[in-house]
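# Descriptive structure summary
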Amino acid sequence: MINTVSTIDMMASMAEDLPDANGHFGPYGGRFVAETLMGPLEELRLAYEHFRNDAAFMAEFDKDLAQFVGRPSPLYHAERWSQKLGGAQIYLKREDLNHTGAHKINNTIGQGLLARHMGKRRVIAETGAGQHGVATATVAARMGMECVVYMGAEDIKRQAINVFRMKLLGATVVPVESGSKTLKDALNEAMRDWVTNVDSTFYIIGTVAGPHPYPAMVRDFQAIIGREARAQILEQAGRLPDALVACVGGGSNAIGLFYPFLKDTSVAMYGVEAAGDGIESGRHAATLCAGRPGVLHGNRTYLIEDADGQIIETHSISAGLDYPGVGPEHAWLKDMKRATYVPITDSEALDAFHALTRTEGIIPALESSHALAYATKLAPTLAKDKIIIVNLSGRGDKDIHTVAAREGITV
Amino acid sequence: MSRIKNCFDDLRSRKRQALIPYITAGDPRPDVTVPLMHAMVKAGANIIEVGVPFSDPMADGPVVQAACERALKHHVSLRQVLDMVREFRSRDDNTPVVLMGYLNPIEAMGYTEFARAAHAAGVDGVLTVDMPPEEARDVVPIFRAEQLDPIFLLAPTSSDERIASICSLASGFIYYVSLKGVTGAASLDIAAVTTKLKQIRAITDLPVGVGFGIRDAATAAQVAAVADAVVVGSALVRKLGEFAEQPHKIEQEVVSILAGMRAAMDVAHDRVTS
């Protein structure tokens with residue numbers, strides 16, 4: 001008898017079981033940290049393994065997602081926009097309607113609960129655009145925990161409103177003056193704080209990167225996006241989608257959408273990276289499209305680096321995608337060809353930002369606008385009965401000043 | 001036999017402890033490094049730790065991070081660091097040199113190519129701070145094949161089981177990080193260090209060096225009383241930063257700190273044994 005199990009089925013089922021015990025997704029992931037952090041990471045791994053299998057903990061998580069975050073978020077058929085594009089039907093997963101305005105809160109609720117159950121009274125976070133910082137400060141305020149957020153000095157200048165939001169929520173925002181003064185340096189600084197104050201402190205990482213168990217843990221907390229979307233599309237359209245589209249900086253909203261569909265081999269997956277001024281310009285943040293494997297921030301993954309292995313400053317109009325690494329699971333999905341990673345430039349993202357705003361009455365985040373821009377390319381190539389789900393990972397209010405400045409308008 | 005093993009054997013026979021200074025290669029300028037290495041040997045250093053600059057030195061504090069930034073302004077690459085070691089080696093064939101840094105520049109160069117080039121340049125050991133034993137199984141044989149001692153860190157949080165597993169991979173010496181935190185942080189707790197070193201010595205015969213929190217002659221002497229080696233980094237690197245604009249003064253500043261440490265370590269020891 002011929003073995004009818006296709007390679008892609010085998011691969012998909014393998015992919016769902018990853019990472020392995022040491023946090024590896026194929027050659028990617030792992031724990032590349034100094035020995036001082038290995039103990040704390042193991043403590044975290046054991047705590048997470050325990051609580052993810054604890055019905056009471058998961059019930060608490062689900063309750064918070066429902067009553068504090070406002071889940072489930074709607075899956076919305078963007079009929080007018082689909083019609084305009086003249087191809088596949090586009091459905092938007094409305095993570096922008098979550099409390100605090102983005103998918104980030106799903107993860108900070110999960111890690112915040114874990115911190116409390118581990119007896120930690122202080123949480124720290126890194127943030128680029130400020131969305132993860134706000135989501136962390138929100139959870140800390142609600143749980144009565146001390147909160148310190150590390151943020152690059154350059155980003156603090158660019159994101160004054162989010163800095164003020166964090167302060168209103170009671171967080172201390174520490175400007176990071178080292179290196180390029182952006183997200184990667186904030187991450188370095190948060191790691192340093194954690195290694196120094198590890199007994200009292202829980203480090204809430206905002207994306208599916210960093211040392212094991214963070215990439216798996218953040219994925220699991222964000223997978224609610226894909227589980228809901230899968231059930232919603234089955235209910236609304238009676239079948240699975242043909243493609244998923246999500247933006248990828250670190251990659252947490254994308255993995256959250258993709259993960260519950262990994263075994264559905266008929267569903268294509270597109271991760272959209274920030275190409276900034278264009279990959280050929282050198283000013284971009286398209287790590288999987290233009291980078292190569294290396295080791296940074298505790299994991300092996302694709303990086304944007306020079307020939308000597310030094311990390312290069314990235315560029316994107318969207319601060320949330322402006323990161324020189326990417327989650328290791330995405331690196332693996334790329335190599336296994338289970339997901340496809342594509343670049344979208346600043347100006348393509350801006351066009352999509354305006355198109356969605358004018359056509360559907362939804363102002364998307366600039367991060368999410370990258371995913372929308374790719375959908376505008378993909379939809380016309382597919383028949384009208386095909387279905388694309390785009391993760392609308394955040395709302396665009398925070399980006400209004402950036403868009404205005406880019407267009408020479410004073411708000 | 002490795003220069004590092006020879007060095008510790010010789011020190012043990014003379015009942016002395018190794019003084020191991022750390023500087024970042026190319027800080028504050030590439031031409032400072034090799035003459036400074038020679039000067040440090042003259043001042044009583046037994047092994048030199050040469051930092052390979054990295055853009056994101058996550059395990060280091062602000063002092064070493066600033067040193068990396070100064071060096072990277074001059075685009076000091078791993079290959080140039082190896083050139084510096086080769087130049088040092090041309091006039092000093094005895095003093096062991098350990099490269100200390102992060103994995104990514106080595107990964108970018110390629111492990112095998114790096115190991116060959118490092119051995120050819122006269123490097124004796126390699127300490128990659130972000131490579132714990134779990135991630136080192138494939139790399140260690142490549143280093144060993146070129147007679148490079150893989151140096152590993154132990155931390156206050158390392159269990160007996162981890163200490164044993166790390167020591168089974170390591171050679172040359174073991175580097176005990178004396179406190180939770182980054183380089184250049186608060187001063188160390190000598191009683192806690194003494195207890196932990198007893199635990200480590202029950203598991204391995206490798207020489208044990210202690211680093212992090214050694215800032216002056218007094219702490220160096222305290223550590224020398226219980227360890228095989230004293231590693232001093234941020235206290236020196238701070239001077240390189242302070243005198244970055246007057247590099248001709250750096251040598252004197254660094255030598256004076258090291259000479260003070262050397263004297264205190266030796267006097268303390270003579271007092272104990274006499």
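See the structure printed just above.
Position numbers for residues count from 1 along each chain, tracking the sequence in the order it is written. Key to labels: chains lettered from A, ligands numbered from 1, both in the order written. Under the rules for a predicted model, residues below a pLDDT of 70 receive no local features and side-chain atom pairs below 80 are neither given nor counted, while totals for whole chains, interfaces and linings still include all residues. To obtain the side-chain values, all non-hydrogen atoms of the structure were used and water was disregarded.

### Quick look at the overall build of chain A
- Scanning chain A from N- to C-terminus turns up 17 helices and 14 strands.
- Radius of gyration: over C-alpha atoms. The globule rule applied is 2.2 Å multiplied by the number of residues raised to the 0.38 power. Rg of the C-alpha trace for chain A: 20 Å, near the compact-globule value of 22 Å for 411 residues, within the 12% margin.
- Expressed along its principal axes, the backbone C-alpha trace of chain A runs to roughly 65 × 55 × 50 Å.
- The 411 residues of chain A split such that 63% are buried.
- Two residues qualify as a contact provided that any one of their heavy atoms is within 4.5 Å of a heavy atom in the partner residue. When contacts within chain A are restricted to residue pairs at least 6 apart in sequence, long-range pairs at least 24 apart make up 74% of them.
- Charge assignment: positive for Lys and Arg, negative for Asp and Glu; neither His nor the chain ends contribute. Throughout, a charge is located at the NZ atom of Lys, the CZ atom of Arg, the CG atom of Asp or the CD atom of Glu. For chain A, the centre of its 40 positive side-chain charges and the centre of its 48 negative side-chain charges are spaced 3 Å apart. Each helix is a run of DSSP H or I of at least 4 residues and each strand a run of E of at least 2, with the numbering of both proceeding from the N terminus. Here's how the labels work: a residue is buried when its accessible area is under 20% of the maximum for its type, exposed when over 50%, partly exposed in between, all with a 1.4 Å probe on protein chains only.

### Considering the sheet that holds strand 6 (residues 146-152) of chain A
Residues and elements named next belong to chain A.
- Pairing is parallel in the open sheet, where 4 strands are placed in the order 7-6-5-8. Unpaired on one side and paired on the other, strand 7 (172-176) and strand 8 (201-203) mark the two borders of the sheet. For this sheet, the mean inter-axis angle between neighbouring strands, taken without regard to orientation, is 25 degrees.
- Direction of pairing for strand 5 (residues 122-127) relative to strand 6: parallel, over a ladder of 6 bridges. Across the sheet, Thr-127 pairs through a bridge with Met-151, a residue of strand 6. For two strands to be treated as a pair, DSSP must find at least two bridges joining them. Every angle, taken between N-to-C directions, lies between 0 and 180 degrees, and every axis is a line fitted to C-alpha atoms, over only the stretch in contact when it is a helix.

### Comments concerning the interface of chain A and chain B
- At the interface, 37 residues of chain A touch 38 residues of chain B.
- A buried area of about 2900 Å², summed over both sides, lies between chain A and chain B, and 51% of it is on carbon and sulfur atoms.
- By salt bridge we mean one thing: a side-chain nitrogen of Lys or Arg within 4 Å of a carboxyl oxygen of Asp or Glu. Inspection of the chain A/chain B interface yields 3 salt bridges.
- Any pair of nitrogen or oxygen atoms within 3.5 Å is treated as a polar contact; in protein, a donor-acceptor pairing is required on top of that, and neighbouring residues in sequence qualify only through side-chain atoms on both sides. Where chain A touches chain B, the interface holds 17 residue pairs in polar contact (both at pLDDT 80 or more).
- Broken down by secondary-structure element, the contributors of at least two residues to the side of chain A that touches chain B are strand 2 (28-32), helix 2 (35-52), helix 9 (183-196), strand 11 (292-296) and strand 12 (298-303) of chain A. Buried area: the accessible surface (1.4 Å probe) lost by two parts on joining, summed over both.

### Some remarks on the sheet that holds strand 13 (residues 340-345) of chain A
All names here are of chain A.
- Pairing within the open sheet is mixed, and its 6 strands lie in the order 3-4-14-9-10-13. Each end of this open sheet is capped by a strand with a single partner; those strands are strand 3 (75-77) and strand 13. Taking each pair of neighbouring strands and ignoring which way they run, the sheet shows an average axis angle of 25 degrees.
- Of the strand pairs in this sheet, strand 4 (residues 89-94) and strand 14 (residues 387-392) are connected by 6 bridges, and their pairing is parallel. Its bridge partner lying in strand 14, Leu-92 is registered against Val-390.
- Along the sheet, helix 15 (residues 346-360) makes contact with strand 3, strand 4, strand 10 (268-276), strand 13 and strand 14, crossing strand 13 at roughly 85 degrees.

### Describing helix 2 (residues 30-42) of chain B
Residues and elements named next belong to chain B.
- Taking the largest bend as the criterion, helix 2 deviates by roughly 25 degrees, centred on Leu-36.
- Within helix 2 the residues assigned to the buried category are Val-32, Thr-33, Val-34, Leu-36, Met-37, His-38, Ala-39 and Met-40.
- After helix 2 finishes, the residue Gly-44 shows a positive phi value of roughly 115 degrees. One axis fitted to the seven residues ending at a residue, another fitted to the seven starting there: the angle between these axes is the bend at that residue.

### Some points on the pairing of strand 4 (residues 125-128) of chain B
Residues and elements named next belong to chain B.
- Of the two faces of strand 4, both are covered, the one formed by Gly-125 and Leu-127 as well as the one formed by Val-126 and Thr-128.
- Note: strand 3 (residues 97-101) against strand 4, 4 bridges, orientation parallel. Bridging from a neighbouring strand, Gly-101 pairs with Thr-128 of strand 4.
- Strand direction decides the pairing type here: strand 4 and strand 5 (residues 149-150), joined by 2 bridges, are parallel. Paired with Gly-125 across the bridge in strand 5 is Asp-149.
- Handedness of a crossover is defined as follows: with both strands directed away from the viewer, a clockwise route from the first strand across the helix to the second makes it right-handed. Of the crossover connections in this fold, the one passing from strand 4 over helix 7 (residues 139-145) to the parallel strand 5 is right-handed.

### Quick word on a nonpolar patch on the surface
Residue and element names in this part refer to chain A.
- For patches, a residue must show more than 30% relative accessible area and have no salt bridge; joins then use 9 Å for like charges and 5 Å for nonpolar side chains, namely Val, Leu, Ile, Met, Phe, Trp and Tyr. Throughout, the Shrake-Rupley method with a 1.4 Å probe supplies accessible areas, and for residues the shown protein chains are the sole cover considered. Residues Ile-363, Ile-400, Ile-409 and Val-411 make up a contiguous nonpolar surface patch of roughly 350 Å² in combined accessible area.
- Its place among the elements puts Ile-363 in the loop between helix 15 and helix 16 (366-378).
- Residue class for Ile-363 comes out partly exposed when judged on its relative accessible area of 36%.

### Some remarks on the pairing of strand 10 of chain A
All names here are of chain A.
- The buried fraction of strand 10 is high, at 8 of 9 residues.
- The pairing of strand 9 (residues 243-247) with strand 10 spans 5 bridges and is parallel. Bridge pairing links Leu-244 to Met-269 in strand 10.
- Running through helix 12 (residues 252-258), the crossover from strand 9 to the neighbouring parallel element strand 10 is right-handed.
- By the bridge criterion, 6 bridges tie strand 10 to strand 13 in an arrangement that is parallel. Considered in strand 13, the bridge of Gly-276 is made with Thr-345.

### Quick notes on unusual backbone geometry
- With omega at 5 degrees, the peptide bond leading from A:Leu18 into A:Pro19 counts as cis.
- Mapped onto the elements, A:Pro19 comes out in the loop between helix 1 (7-17) and strand 1 (24-25).
- Following A:Arg71, the chain continues to A:Pro72 via a peptide bond in cis, the omega torsion being 0 degrees.
- One can find A:Pro72 in the loop between helix 3 (55-69) and strand 3.
- Even without glycine at this site, B:His75 takes up a positive phi of about 55 degrees.
- In this structure, B:His75 sits in the loop between helix 3 (62-73) and helix 4 (78-89).
- The backbone of B:Gln147 shows a phi angle near 55 degrees, a positive value even though the residue is not glycine.
- Residue placement: B:Gln147 occurs in the loop between helix 7 and strand 5.

### Regarding the packing of helix 5 (residues 104-117) of chain A against helix 10 (residues 214-222) of chain A
Residue and element names in this part refer to chain A.
- One can describe the packing of helix 5 onto helix 10 by two numbers: an axis separation of 8 Å at closest approach and a directional angle of 115 degrees. The hand of the helix 5/helix 10 crossing is right-handed. Taken together, the residues of helix 10 that come into contact with helix 5 (itself represented by Lys-104, Asn-106, Asn-107, Gly-110, Gln-111 and Leu-114) are Tyr-214, Met-217, Val-218, Phe-221 and Gln-222.
- Here the nonpolar group is Ala, Val, Leu, Ile, Met, Phe, Trp, Tyr, Cys and Pro; Asp, Glu, Lys and Arg are the charged ones; every other residue, Gly included, is treated as polar. In the contact of helix 5 with helix 10, the residues fall into 5 nonpolar, 5 polar and 1 charged. Each crossing is labelled by how the near helix is turned from the far one, with a counterclockwise turn of less than a right angle marking it left-handed and a clockwise turn marking it right-handed.

### Some details on the pattern of salt bridges
- Counting across every chain of the model gives 48 salt bridges over all chains.
- A salt bridge links A:Asp96 to A:Arg94, with the nearest nitrogen and oxygen atoms 2.9 Å apart.
- Across the pair B:Glu242 and B:Lys239 runs a salt bridge, and its minimum N-O distance is 3.5 Å. Linking B:Glu242 with B:Lys239, this pair stays in helix 11 (residues 234-242), spanning 3 residues, or about one helical turn.
- Overall, B:Glu242 belongs to the partly exposed group, its relative accessible area being 49%.
- Linked through salt bridges whose partners overlap, the residues forming this network are A:Glu49, A:Arg52, A:Arg219, A:Asp220 and A:Glu329.

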